[in-house]
Amino acid sequence: MTRPIRKIMVYVDGSEQSVAAAQYAIVLAKALGAELFALYVVDTRALAELVKSRIFLESEQDEYKRDLEGDASRYLNHVRELARRKGLSVVTEKSSGAVHIEIKAKVAELGIDLLVLGEISQIRSRRDELYNETERAMRTAPCPVLVAKGEDKIWDLYEDLE
Amino acid sequence: MALIDLIEETVVRAPLKGTDKNSVIRELVDALAAAGKILDAETAYLAVLDREAKGSTGLEEGIAVPHGKTISARQLTIAIGVSSDGVEFGSMDGKPAKLLFLILAPPDKAGPHIEALAEIARMSRSKAFCASLAACRSPAEVVSLFKDE
């Protein structure tokens, strides 16, 4: 029987939950001997939406896009460092667009077997369900999805990893 | 992080006491400082004024979304203000702002900042919800409305 999980991808958005997800993905990749990918999506759709609603000025859109690009590099580097500490390499990917659509596309493009996401905020309304990007990624990803919950336990697992 | 996770009574001013744009912004910034959400009110206040100087964040239908990046905020934070009479905010439709969402974020947290602003942008399209919020007369009513939504 071939290994069911050969490629794992974690989605990182800079939140503490997504960093915990990255740690869990590292633990899993190490345990399963899987290849690890980390993805950050620069949410240009939200930026465009903010200009359309006139909350952002055009110049502000450019400024925040640069900020997001900086965040992408910073957080992907952080995941790379977390993996390196445990003797694992990670392939980092950055894309831009609508978050859940980019995640879905990257899963297909890379042939990902398991998508790891950070804990999802409590959904309090139908609108949350429609707009929460992590929630949408979970529902639309064309592969098994694991939601990493329990930051303390994940931290212990990561720390205990040889 | 969902917007509702950031909203608590200590960061809501309903009704606002201020009667002009700068004073209501200051009132909300001070609310965040009093709630321990930001380190320095003056720095945060100036960051919001700096952004407003580039163009008003007064939208339509009495909604304003003043915001800024500041090292004074350790993480994304929001304050909500309700003004019974409305405050002149240089809004697109010329209407006074009755509902204010003030958002502050550290410079290295652009993602959550944008996510929160986008959530407000979507919420502002719900005229019924915004009208209900603008009619709130206490912080408890505002928080309750968000939780019931």
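Everything quoted here is computed from the prediction, not taken from an experiment.

K.L.:
Can you explain the overall build of chain B? Please cite residues and give values.
P.N.:
If you tally the helices and strands in chain B, you get five helices and five strands. Secondary structure elements of chain B, listed N to C terminal, follow the sequence β-α-α-β-β-β-β-α-α-α. By the compact-globule yardstick of 15 Å for 149 residues, chain B fits well, its C-alpha radius of gyration being 14 Å. Taken along the three principal axes of its C-alpha coordinates, chain B extends 35 × 30 × 25 Å. Across the 149 residues of chain B, 50% fall into the buried class. By sequence separation, contacts in chain B at least 24 residues apart represent 69% of the contacts at least 6 residues apart.

K.L.:
Explain unusual backbone geometry to me, and be specific about the residues and the numbers.
P.N.:
The omega torsion of the bond from B:Ala14 to B:Pro15 falls at 5°, within 30 degrees of zero and hence cis. Inspection of the secondary structure assignment puts B:Pro15 in the loop between strand E1 (12-13) and helix H1 (21-34). If you check the backbone angles, A:Arg54 has positive phi at about 70° while not being a glycine. Inspection of the secondary structure puts A:Arg54 in the loop between helix H2 (44-52) and helix H3 (58-85).

K.L.:
Give me the lowdown on the environment of A:Ile8, citing residues and values where you can.
P.N.:
Residues and elements named next belong to chain A. Within the secondary structure, Ile8 sits in strand E1 (residues 7-11). Here the alpha-carbon distance between Ile8 and Ala38, two residues 30 residues apart in the chain, equals 8.5 Å. Not counting residues within four places of it along the chain, the set of residues in contact with Ile8 comprises Ala25, Leu28, Ala29, Ala34, Leu36, Phe37, Asp113, Leu114 and Val116.

K.L.:
Could you give me a rundown of helix H2 (residues 41-54) of chain B, with the residues and numbers involved?
P.N.:
All names here are of chain B. With 14 residues, H2 extends 21 Å from end C-alpha to end C-alpha; this agrees with the ideal 20 Å at 1.5 Å per step. Burial in H2 covers these residues: Ala44, Tyr45, Ala47, Val48 and Glu52. All buried residues of H2 project into a common sector of 160° when viewed along the axis, lining one side. The exposed set on the far side of H2, more than 90 degrees from its buried face, consists of Glu42, Asp50, Ala53 and Lys54. On its buried face, H2 is in contact with H1, strand E3 (67-69) and strand E5 (97-105).

K.L.:
Describe the confidence of the model for chain A, naming the residues involved and giving the relevant values.
P.N.:
When pLDDT is averaged across chain A, the result is 91; 93% of the residues are at 70 or more. Within chain A, the element-level pLDDT minimum falls on helix H5 (residues 126-131) of chain A, averaging 54, and the maximum on E1(A), averaging 98.

K.L.:
How would you sum up the packing of H2(A) against H3(A)? Please name residues and give values.
P.N.:
Residue and element names in this part refer to chain A. Axis separation between H2 and H3 bottoms out at 9 Å; the angle between their running directions is 160°. Judged on the interaxial angle alone, H3 and H2 are roughly antiparallel. Crossing angle aside, the handedness with which H2 passes H3 is right-handed. Along the contact surface, H2 presents Thr44, Leu47 and Val51, while H3 presents Glu58, Gln61, Tyr64 and Lys65.

K.L.:
Go over the sheet that holds strand E2 (residues 35-42) of chain A with me, naming the residues and quoting the values.
P.N.:
Residue and element names in this part refer to chain A. Strand order in the open sheet formed by five strands is E3-E2-E1-E4-E5, and the pairing between neighbours is parallel. The outermost strands of the open sheet, each flanked by one partner alone, are strand E3 (90-96) and strand E5 (145-148). Taking the axes of each pair of neighbouring strands and ignoring which way they run, one obtains an average angle of 25° across the sheet. As judged from the seven bridges shared by E2 and E3, these two strands associate in the parallel manner. What sits directly across from Val42, in E3, is Ser96. In the packing of helix H4 (residues 99-110) onto the sheet, the strands contacted are E1, E2, E3 and strand E4 (114-118), and the crossing angle to E2 comes to about 150°.

K.L.:
Before we move on, can you summarise the interface of chain B and chain A with the specific residues and values?
P.N.:
Reports of interface size often rely on the accessible area that becomes lost once the parts have come together. Facing 24 residues of chain B, the contacting portion of chain A comprises 23 residues. The dominant element in the side of chain B that touches chain A, judged by the number of residues it contributes, is helix H3 (residues 110-123) of chain B, at 10 residues. Its residues assigned to classes, the side of chain B that touches chain A comprises 12 nonpolar, four polar and eight charged.

Rules and cut-offs
- Residues numbered from 1 in each chain as written.
- Chains lettered and ligands numbered in written order.
- Predicted model: local features only at pLDDT ≥ 70, side-chain atom pairs only at ≥ 80, totals over all residues.
- Helix = DSSP H or I, 4+ residues; strand = E, 2+ residues; numbered from the N terminus.
- Rg over C-alpha atoms; globule rule 2.2 N^0.38 Å.
- Buried ≥ 20, exposed ≤ 12 C-beta atoms within 10 Å, placed from the backbone.
- Contact = placed C-beta atoms within 7 Å.
- Expected span 1.5 Å × (residues − 1).
- Arc of directions from axis to C-beta.
- pLDDT = per-residue confidence, 0-100.
- Axes fitted to C-alpha atoms, helices over the stretch in contact; angles between N-to-C directions.
- Parallel < 35°, antiparallel > 145°, perpendicular 65-115°, else oblique.
- Left-handed = near helix turned anticlockwise from the far one by under 90°.
- Pairing = 2+ DSSP bridges.
- Nonpolar A, V, L, I, M, F, W, Y, C, P; charged D, E, K, R; others polar.

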